Amino acid sequence: MSEPLVIIGNGMAAARLVDELSKVALGRYAIAVIGDEPRLAYNRVLLSSVLAGETGSHEIELKPATWWRERGVTLKYNCMATEIDVGRHEVKIANEESVGFSKLVLAVGSSALRLNVPGADLAGVHTFRDTRDVDLLLTLAAQKKRVVVVGGGLLGLEAAYGLAKAGATVMLLHLMDRLMERQLDAPAAALLKSLVERKGIEILLEASTARIHGERRVSGVELTDGRQIAADAVIFAAGIRPNTALAREAGIPINRGIVVDDHLQAGGADVFAIGECAEHRGTCYGLVEPAYEQARVLARHLAGADAVYTGSVVATNLKVSGVGVFSAGDFLGADGSESLVLRDVGHGTYKKLVIAEGRLTGAVLIGNTSDALWYLDLIRTRRPIASIRADMIFGRALAEAA
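Heads up: these notes are all about the structure in this document.

Parameters at a glance
Residues numbered from 1 in each chain as written. Predicted model: local features only at pLDDT ≥ 70, side-chain atom pairs only at ≥ 80, totals over all residues. Heavy atoms only, no water. Helix = DSSP H or I, 4+ residues; strand = E, 2+ residues; numbered from the N terminus. Buried < 20%, exposed > 50% of the residue type's maximum accessible area, 1.4 Å probe, protein only. Contact = heavy atoms within 4.5 Å. Areas by Shrake-Rupley, 256 points an atom, 1.4 Å probe, with all protein chains shown as cover. Polar contact = N/O pair within 3.5 Å; in protein donor to acceptor, adjacent residues only side chain to side chain. Pairing = 2+ DSSP bridges. Axes fitted to C-alpha atoms, helices over the stretch in contact; angles between N-to-C directions. Expected span 1.5 Å × (residues − 1).

## Overview of the overall build of the chain
Turning to step 1, where the next piece is worked out: Helix and strand counts for the chain come out as 10 helices and 25 strands.
Turning to step 2, where the next piece is worked out: By its C-alpha atoms, the chain is 65 × 65 × 35 Å across when sized along the principal axes.
Turning to step 3, where the next piece is worked out: By the burial criterion, 51% of the 402 residues in the chain qualify as buried.
Turning to step 4, where the next piece is worked out: For the chain, restricting intrachain contacts to residue pairs at least 6 apart in sequence, the fraction spanning at least 24 positions comes to 62%.
Turning to step 5, where the next piece is worked out: Total accessible area computed for the chain in this model is approximately 18000 Å², and 49% of it derives from carbon and sulfur atoms.

What follows is the structure in structure tokens.
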């Protein structure tokens, strides 16, 4: 008899966990997936491509309905889990129905932060987080609206690019002195800024939002230095917060995220958490690759193997506003490290490799990111690089031919 395994959350982490379980524990669990979005799991990373009109909404689905069926998964989407009773091993869902479990996995993701400023609740203030947000933003862009995007990290840049490509007039405000400060050093961020501005997006750095003006609807944004920016809509894309309310109410330990150990266990022996909602060794990753690594480890643990998760080397490898961006490891360069840099502003490329103790420890690439995965492998495997050091800045083909 299969054990009932319930996964709350129907996103990328949940889909990967089901995929991994089907490889290592097929038939061991009767899996039910409960998700509150009204559709099958999709690739959230591609939302900006849908917004920009480069990808159709139906094309970002991770797996077709038949894939889930073939793996015997009961899918309850457009369905909100309202309560977890850890003692009774039950999950309550919105229509008073209860689902029993022997193992429970929380893959509930995170929510977009809304800045706590006056006017944040006016009509015309939105976030950029799921497919429902994309539909709203497409409507704004079609009406050629003036949109202010607050946040110059990954999410903000993606929202700005998608909106501009779809026809809106876009200004991006960022609190910090450079874009994507968690992933890029100053020269890389400066190059990215110039490449994004070439796409018609105006960028203001060190811009702190004081209030949003409007009677019932947004009419403008005021900065703390007094500057006023006219706007028909404001998009908050200034960070995410792990969804922890369900766990907290169930007595499952939380800090910033749902606290998990090296087996991804959260509190009791039968409760686990993965993805953006999980906090492991003090870190909430908020990225896809660590969620996939966690799913792989948890699947093996649930299959009875001795699998442990020790953390992830954080890497970003994406098209940001249509520009290739890669960053991994210690990209700033800690004390005792040295950096190799290759810069060609005319061609819109920048490459920086950080070396410490004879190994590659960090990298930043803008523009040409074709060797990104090779550099990431060198960082993760800690392979000595003395033999390729002279050529590695020029890429894998040259370095490995030498």
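Next comes the rest of the write-up.
## Thoughts on the side chain of E37
Turning to step 1, where the next piece is worked out: Summarising the element assignment, E37 is placed in the loop between strand 2 (29–35) and helix 2 (47–51).
Turning to step 2, where the next piece is worked out: A distance of 3.4 Å separates the side chain of E37 from the side chain of R44, its partner in a polar contact.
Turning to step 3, where the next piece is worked out: The contact partners of E37, leaving out residues within four places of it in the chain, are Y42, R44, Y77, N78, D130, T131 and R132.

## Observations regarding the sheet that holds strand 3 (residues 74–77)
Strand pairing in a sheet takes place through backbone hydrogen bonds and is either antiparallel or parallel in direction.
Turning to step 1, where the next piece is worked out: One open sheet holds the 5 strands; their spatial order is 3-2-1-7-19, and the pairing between them is parallel. Edge strands, defined here as strands with exactly one partner in the open sheet, are strand 3 and strand 19 (271–273). Sheet twist, expressed as the average angle between the axes of neighbouring strands with direction ignored, equals 15°.
Turning to step 2, where the next piece is worked out: Two elements, strand 1 (residues 3–8) and strand 7 (residues 103–106), share 4 bridges in a ladder whose sense is parallel. Bridge pairing links V6 to L104 in strand 7.
Turning to step 3, where the next piece is worked out: Each of strand 1, strand 2, strand 7 and strand 19 is contacted by helix 8 (residues 288–302), which is oriented at about 160° to strand 19, the strand it contacts most.

## What to know about helix 1 (residues 12–24)
Turning to step 1, where the next piece is worked out: If you check helix 1, its first and last C-alpha atoms are 19 Å apart, about what 13 residues at 1.5 Å a residue would give, namely 18 Å.
Turning to step 2, where the next piece is worked out: With 10 of 13 residues buried, helix 1 lies mostly within the body of the structure.
Turning to step 3, where the next piece is worked out: All buried positions along helix 1 are accounted for by M12, A13, A14, A15, L17, V18, D19, E20, L21 and S22.
Turning to step 4, where the next piece is worked out: Summarising the contacts, the buried residues of helix 1 are in contact with strand 1, strand 2, helix 3 (65–70), strand 7 and helix 8.

## Some thoughts on the sheet that holds strand 5 (residues 90–93)
Turning to step 1, where the next piece is worked out: With antiparallel pairing, 3 strands are arranged side by side in an open sheet as 4-5-6. Edge positions in the sheet fall to strand 4 (81–85) and strand 6 (98–100), since each of these pairs with one other strand and no more. Strand after strand, the sheet turns through a mean of 20° between neighbouring axes, direction not considered.
Turning to step 2, where the next piece is worked out: Here strand 4 pairs with strand 5 via 4 bridges, running antiparallel. The partner of E83 across the bridge, within strand 5, is K92.

## A look at the pairing of strand 25 (residues 359–366)
Turning to step 1, where the next piece is worked out: Counting buried positions over the 8 residues of strand 25 gives 7, a clear majority of the element.
Turning to step 2, where the next piece is worked out: Pairing geometry for strand 22 (residues 323–329) and strand 25, over 5 bridges, is antiparallel. Each bridged residue has a counterpart across the sheet, and for G329 the counterpart in strand 25 is G362.
Turning to step 3, where the next piece is worked out: As defined by bridge partners, strand 24 (residues 349–356) adjoins strand 25 across 7 bridges and the pair is classed as antiparallel. Directly across from L353, in strand 25, lies its bridge partner A363.
Turning to step 4, where the next piece is worked out: Where strand 24 folds back onto strand 25 in an antiparallel hairpin, the turn is made up of 2 residues, including E357, whose phi is positive at roughly 50°.

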